[in-house]
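Summary of the model geometry
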Amino acid sequence: MSEMKIILDACCGSRMFWFDKNNPLALYADIRDEEHTLCDGRNLKVHPDLIADFTNSPFPAKNFKLVVFDPPHLLKAGENSWLTKKYGKLSEDWPRLLNQGFNECFRVLDDYGVLIFKWNEEQVTVKEVLKAIDRLPLFGHTTGRSGKTMWMCFMKLPNN
């Protein structure tokens, strides 16, 4: 019997922050499936379980207990730069895309489920993102050497 997938990583990339990069409870989704050699020689592997767009998730409503959402955060980066390869790149209509992505993450999240959202403010502030998604986290914590990465926690309440 296979493990039930109760966690969705909606844009997993190379699964950088996962301790177990093949966690049996998680379904790893991303719009990309590719490999690159970075400038320092390391291999970057983006191999999701499922190729999917976070703005149009192929799952039924209330399918996951936990959703991890770490979308691209860069507006300005070269198409072939290591930053774009590692983190992806936002399009100019990022407010609409992030709003759509959040709505999809909440749609597939079960009642009382938790959404963990990671954002880096290098080019777009958390304040701008929260305005675009029109939701407030329960709490958050800033991390990273530059103090520009924030982890936020949201909960889906019934009929909300």
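The structure under discussion appears in the preceding block.
Structure report, in brief.

The rules behind the values
- Residues numbered from 1 in each chain as written.
- Predicted model: local features only at pLDDT ≥ 70, side-chain atom pairs only at ≥ 80, totals over all residues.
- Heavy atoms only, no water.
- Buried < 20%, exposed > 50% of the residue type's maximum accessible area, 1.4 Å probe, protein only.
- Helix = DSSP H or I, 4+ residues; strand = E, 2+ residues; numbered from the N terminus.
- Pairing = 2+ DSSP bridges.
- Contact = heavy atoms within 4.5 Å.
- Axes fitted to C-alpha atoms, helices over the stretch in contact; angles between N-to-C directions.
- Patch = residues over 30% accessible without salt bridge, like charges linked within 9 Å, V, L, I, M, F, W, Y side chains within 5 Å.
- Areas by Shrake-Rupley, 256 points an atom, 1.4 Å probe, with all protein chains shown as cover.
- Salt bridge = Lys/Arg side-chain N within 4 Å of Asp/Glu carboxyl O.
- Left-handed = near helix turned anticlockwise from the far one by under 90°.
- Polar contact = N/O pair within 3.5 Å; in protein donor to acceptor, adjacent residues only side chain to side chain.

1. A closer look at the pairing of strand β4 (residues 43–46)
Across the two faces of β4 the burial differs, with Leu44 and Val46 buried and Asn43 and Lys45 not buried at all. As defined by bridge partners, strand β3 (residues 34–37) adjoins β4 across 4 bridges and the pair is classed as antiparallel. Opposite His36, over in β4, you have Leu44 as the bridge partner. Taking the residues between adjacent antiparallel strands as the criterion, β3 and β4 are bridged by 5 residues, where Gly41 takes a positive phi near 90°.

2. Quick notes on the sheet that holds strand β7 (residues 109–120)
Taken in spatial order, the 7 strands make up an open sheet running β5-β2-β1-β6-β7-β9-β8, and their pairing is mixed. Here the strands that pair on one side only, and so sit at the sheet edges, are β5 (50–51) and β8 (139–143). When β8 meets strand β9 (residues 149–155), the two strands line up antiparallel, connected through 5 bridges. Paired with Phe139 across the bridge in β9 is Cys153. Lying on the sheet, helix α2 (residues 94–108) is in contact with β1 (7–9), β6 (64–69), β7 and β9; it crosses β7 at an angle near 145°. Strands β7 and β9 of the sheet are contacted by helix α3 (residues 126–133), whose axis makes an angle of about 25° with β9.

3. Structural notes on a nonpolar patch on the surface
A surface patch of nonpolar side chains, about 530 Å² in accessible area, is lined by Tyr112, Leu138, Phe139, Met155 and Leu157. For Tyr112, the position within the fold is in strand β7.

4. Observations regarding the packing of α2 against α3
Each pair of packed helices can be described by the angle between their axes along with the distance between the axes. Interhelical geometry of α2 versus α3 gives an angle of 65° and a closest axis separation of 8 Å. Every pair of crossing elements has a handedness; the one defined by α2 and α3 is right-handed. Contacts from Trp94, Pro95, Leu98, Asn99 and Phe102 in α2 reach Glu128, Val129, Ala132 and Ile133 in α3.

5. Observations concerning the side chain of Asn120
By the element assignment, Asn120 lies in strand β7. Looking at Asn120, its side chain comes within polar contact range of the main-chain nitrogen of Glu122, at 2.8 Å. Within the local environment of Asn120, its side chain forms a polar contact with the side chain of Thr149, the two groups lying 2.9 Å apart. Sequence-distant contacts of Asn120, defined by excluding residues within four places in its chain, comprise His73, Lys148 and Thr149.

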